[in-house]
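Understanding the architecture of this molecule
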Amino acid sequence: MCLGVPGRIVAIDAEEPWLGTVDFDGVQRPVCLAYTPEARLGDYVIVHVGFAISRVDEDEAARTFAVLKAMPDALAGELGP
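Summarised in this report is the structure supplied together with it.

Quick notes on the rules
Residues numbered from 1 in each chain as written. Predicted model: local features only at pLDDT ≥ 70, side-chain atom pairs only at ≥ 80, totals over all residues. Heavy atoms only, no water. Salt bridge = Lys/Arg side-chain N within 4 Å of Asp/Glu carboxyl O. Helix = DSSP H or I, 4+ residues; strand = E, 2+ residues; numbered from the N terminus. Buried < 20%, exposed > 50% of the residue type's maximum accessible area, 1.4 Å probe, protein only. Patch = residues over 30% accessible without salt bridge, like charges linked within 9 Å, V, L, I, M, F, W, Y side chains within 5 Å. Areas by Shrake-Rupley, 256 points an atom, 1.4 Å probe, with all protein chains shown as cover.

Observations regarding the pattern of salt bridges
Enumeration according to the criterion identifies two salt bridges in this entry. A salt bridge links arginine 55 to aspartate 43, with the nearest nitrogen and oxygen atoms 3.4 Å apart. With a gap of twelve residues between them, arginine 55 in strand S5 (residues 51–56) and aspartate 43 in the loop between strand S3 (27–32) and strand S4 (44–48) connect regions that are remote in the sequence. Aspartate 43 gets classed as buried once you look at its relative accessible area, which sits at 18%. Between glutamate 60 and arginine 63 there is a salt bridge, and its shortest N-O distance comes to 2.7 Å. Placement of both glutamate 60 and arginine 63 in helix H1 (residues 58–70) is noted, with a separation of three residues, approximately one turn of the helix. Under the relative-accessibility criterion, glutamate 60 is labelled partly exposed at 33%.

Written as structure tokens, this is what we have:
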């Protein structure tokens with residue numbers, strides 16, 4: 001299953017600003033930010049297969065994450081170990 005998972009941008013590469021690190025409730029992964037050039041440090045984004053595809057507000061991110069957490073193995077399958 002492929003889902004868009006919300007996370008918060010915690011770092012943006014200074015030399016390659018289209019690369020960043022996104023935190024998914026304590027799990028951090030590298031993410032391509034090229035499709036969301038308006039995204040800034042601290043913003044919440046929806047990430048699909050390693051690409052941030054849209055910005056969302058914090059409340060929407062929290063609601064979406066709660067739904068994903070309620071689905072058995074949904075986050076483990078998307079975020080891996």
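Alright, that's what it looks like, and here's the rest.
Details of a nonpolar patch on the surface
A cluster of nonpolar side chains, namely Tyr35, Val49, Phe51 and Ile53, defines an oily patch on the protein surface of about 410 Å² accessible area. Among the secondary structure elements, phenylalanine 51 is positioned in strand S5.

Honestly, that's just the spatial picture; any functional story needs more than this.
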